[in-house]
Amino acid sequence: MRDAVIVEAVRTPIGKGKPGGALSGVHPVELLAHTLQALIGRSGVDPELVDDVIGGCVDQVGEQAMNTTRYAWLAAGLPESVPATTVDRQCGSSQQAVHFAAQGVIAGAYDVVVACGIESMSRVPMWSNVPPGADPFGAAIAARYPGGLIPQGVSAELIAAKWSVTREAMDAFAGGSHAKAAQAHSAGLFEAELVPVATPTGLVTLDESVRPNTTPEILAGLRPSFADPGFAERYPQIDWSVTAGNSSPINDGASAVLITSSETAARLGLRPLARLHSFAVTGSDPLLMLTGVIPATEKVLRRAGLSLPDIDLFEVNEAFASVVLAWLQETGADPAKVNVNGGAIALGHPLGASGTRLMTTLVHAMRERGARFALQTMCEAGGLANATVLEALD
């Protein structure tokens, strides 16, 4: 049976997703184009051999409308004959792009395929695709959930309440994320994956949201971000402890991986970084919303025929500290194996780019640490989650 392997993985530095952010002067099509150029250039693959390009993007409107992935490929000066499409599974969009790409290779539909992601939250703010007054859900959803759906921040608060995750624990976790990311930058651990970006204000080489001097004591001084009298009445168990400091920030960034089969990689003289071993997607309660990472982890391990101790490294997207801390409680995973170079709380969370950003960081960490198996999982709006198991080949 055919397999699917990652042979190259790159990402931009992650900028703050606001006017004046490090990457805010770069059009999202051109930001992804720059990443695709680097991916193809570093791999040495003839771009004519690419069968498809599958990109993730959440807010597909404005400068991210009209199948951004296709125009990024063209903006990169790459062959017009190569097709491209853009998918949306919310925060897991580019992890889903990886799943689609790998599954196409395994099925024999592709020999060489790119999975990638883009989000410029400075230029296309979150929820830009929902005009004021529009209802993206409809009457049937209102009837099924009569209290109404809730914002992700309130879901993060509900998770903290349900799993008894304290403010102190969340702030400590967030501080640790910044410390690990700062240490990884200092040690040069991101050099193999980073693609510097030229902007109108200079060359961007580092992740902008990492704060090396952040401590739990500093984070403890921040006010809750989502406190609301109406939700407080609806959910009296919430003690309002989710802040900007123990949540992921708003960011700009792009990332990409090149996927082929082991046979094709050998024929082209490419050295695989990791095999895409197993895949899972799950749905969960759309009110708690962010807990799908728990059943997704169980499901992908079952499909892989592995148990938790078999996994050497984990990437669990740090949308909110409460999500990862609840996942740790439920799975019993070793915290020392989780997000070893920092996570989204420090590095940033450019929505559609985050899936392949995590995977890029993960495959390079696998090689650096000699890991055999690794697992990546992401929570997603609407009560969804993706999970992927990777395996080293040497």
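First things first, this report covers the structure right here in the doc. Bear in mind that the values here come from a model prediction, so they are computed numbers and not experimental data. (Residues numbered from 1 in each chain as written. Predicted model: local features only at pLDDT ≥ 70, side-chain atom pairs only at ≥ 80, totals over all residues. Heavy atoms only, no water.)

### Focus: the packing of aromatic side chains
- Under the definition given, this model contains two aromatic pairs.
- Ring geometry for Phe226 against Phe320: centres 6.2 Å apart, planes inclined by 70 degrees, an arrangement best described as edge-to-face. With a gap of 94 residues between them, Phe226 in the loop between α7 (216-219) and α8 (229-234) and Phe320 in the loop between β10 (313-316) and α11 (321-331) connect regions that are remote in the sequence.
- Using a relative accessible area of 8% as the deciding quantity, one classes Phe320 as buried.
- Between Phe314 and Trp327, the ring centres sit 5.3 Å apart and the planes meet at 70 degrees, which makes this aromatic pair edge-to-face. Taken together, the positions of Phe314 in strand β10 and Trp327 in helix α11 put the pair 13 residues apart, joining distant regions of the chain. By the burial criterion, Phe314 is buried, and Trp327 matches it.
- For Arg11, the ring lying beneath its charged end belongs to Phe190, and the centroid distance is 5.0 Å. (Phe/Tyr/Trp six-rings, centres within 6.5 Å; stacked < 30°, edge-to-face > 60°. Helix = DSSP H or I, 4+ residues; strand = E, 2+ residues; numbered from the N terminus. Buried < 20%, exposed > 50% of the residue type's maximum accessible area, 1.4 Å probe, protein only. Lys NZ or Arg CZ within 6 Å of the ring centre and 35° of its normal.)

### Topic: a nonpolar patch on the surface
- A cluster of nonpolar side chains, contributed by Met126, Trp127, Phe137, Ile141, Leu149 and Ile250, occupies part of the molecular surface with about 560 Å² of accessible area.
- Position of Ile250 relative to the elements: it lies in the loop between α8 and β8 (251-260).
- Judged by relative accessible area, which is 44%, Ile250 ranks as partly exposed. (Patch = residues over 30% accessible without salt bridge, like charges linked within 9 Å, V, L, I, M, F, W, Y side chains within 5 Å. Areas by Shrake-Rupley, 256 points an atom, 1.4 Å probe, with all protein chains shown as cover. Salt bridge = Lys/Arg side-chain N within 4 Å of Asp/Glu carboxyl O.)

### Quick notes on the pattern of salt bridges
- Across all of its chains, the model carries nine salt bridges by this definition.
- Arg275 is the salt-bridge partner of Asp3, the closest N and O atoms lying 3.0 Å from each other. In this pair, Asp3 sits in the segment before β1 (5-11) while Arg275 sits in strand β9 (residues 274-283), placing the two residues 272 residues apart along the sequence.
- With a relative accessible area of 15%, Asp3 lands in the buried category.
- With a shortest N-O distance of 2.7 Å, Glu193 and Arg11 are connected by a salt bridge. Of this pair, Glu193 sits in the loop between α6 (167-186) and β6 (197-199) while Arg11 sits in strand β1, placing them 182 residues apart in sequence. Considered together, Glu193 and Arg11 belong to a single accessibility category, that of buried residues.
- One network of salt bridges, with partners in common, ties together Asp3, Arg275, Arg372 and Glu391.

### With respect to the packing of helix α3 (residues 93-107) against helix α13 (residues 354-369)
- In the contact formed by α3 and α13, the axes pass within 5 Å of each other and the chain directions differ by 70 degrees. The orientation of α3 with respect to α13, classified from their angle, is roughly perpendicular. Residue-level inspection shows Ser94, Gln95 and Val98 of α3 in contact with α13, the latter providing Ser354, Gly355, Thr356 and Met359.
- The residue makeup of the contact of α3 with α13, split by class, is two nonpolar, five polar and no charged. (Axes fitted to C-alpha atoms, helices over the stretch in contact; angles between N-to-C directions. Parallel < 35°, antiparallel > 145°, perpendicular 65-115°, else oblique. Contact = heavy atoms within 4.5 Å. Nonpolar A, V, L, I, M, F, W, Y, C, P; charged D, E, K, R; others polar.)

### A short note on the packing of helix α10 (residues 293-304) against α11
- Direction vectors running N to C along α10 and α11 enclose 45 degrees, while the axes themselves pass 9 Å from each other. When the interaxial angle is binned, α10 and α11 end up oblique. At the point where α10 passes α11, the crossing takes the right-handed sense. The residues of α11 that touch α10, namely those facing Val293, Ile294 and Thr297, are Val323, Ala326, Trp327, Glu330 and Thr331.
- Of the residues assigned to the contact of α10 with α11, the class counts are five nonpolar, two polar and one charged. (Left-handed = near helix turned anticlockwise from the far one by under 90°.)

### Considerations on α10
- The end-to-end C-alpha distance of α10, which contains twelve residues, comes to 16 Å, matching closely the 16 Å that a straight helix rising 1.5 Å per residue would cover.
- Looking at α10, one finds that the buried residues are Val293, Ile294, Ala296, Thr297, Val300, Leu301 and Ala304. All buried residues of α10 lie within an arc of 165 degrees about the axis, which places them on one face of the element. Exposed side chains of α10 directed beyond 90 degrees from the buried face belong to Arg302 and Arg303.
- As for α10, its buried residues are in contact with β9, α11, β11 (373-380) and β12 (384-391). (Expected span 1.5 Å × (residues − 1). Arc of directions from axis to C-beta.)

### Overview of the environment of Thr86
- Relative to the elements of secondary structure, Thr86 occurs in strand β4 (residues 84-87).
- Residues Thr86 and Gln64, 22 residues apart in the sequence, show an inter-C-alpha distance of 10.0 Å.
- Among all residues touching Thr86, those that are not within four sequence positions of it are Gly55, Cys57, Gln60, Asn67, Thr68 and Thr69.
- Here Asn67 takes part through its side chain, which lies 2.7 Å from a polar atom of the side chain of Thr86.
- Side chain to side chain, Thr86 and Thr69 meet in a polar contact 2.8 Å long. (Polar contact = N/O pair within 3.5 Å; in protein donor to acceptor, adjacent residues only side chain to side chain.)

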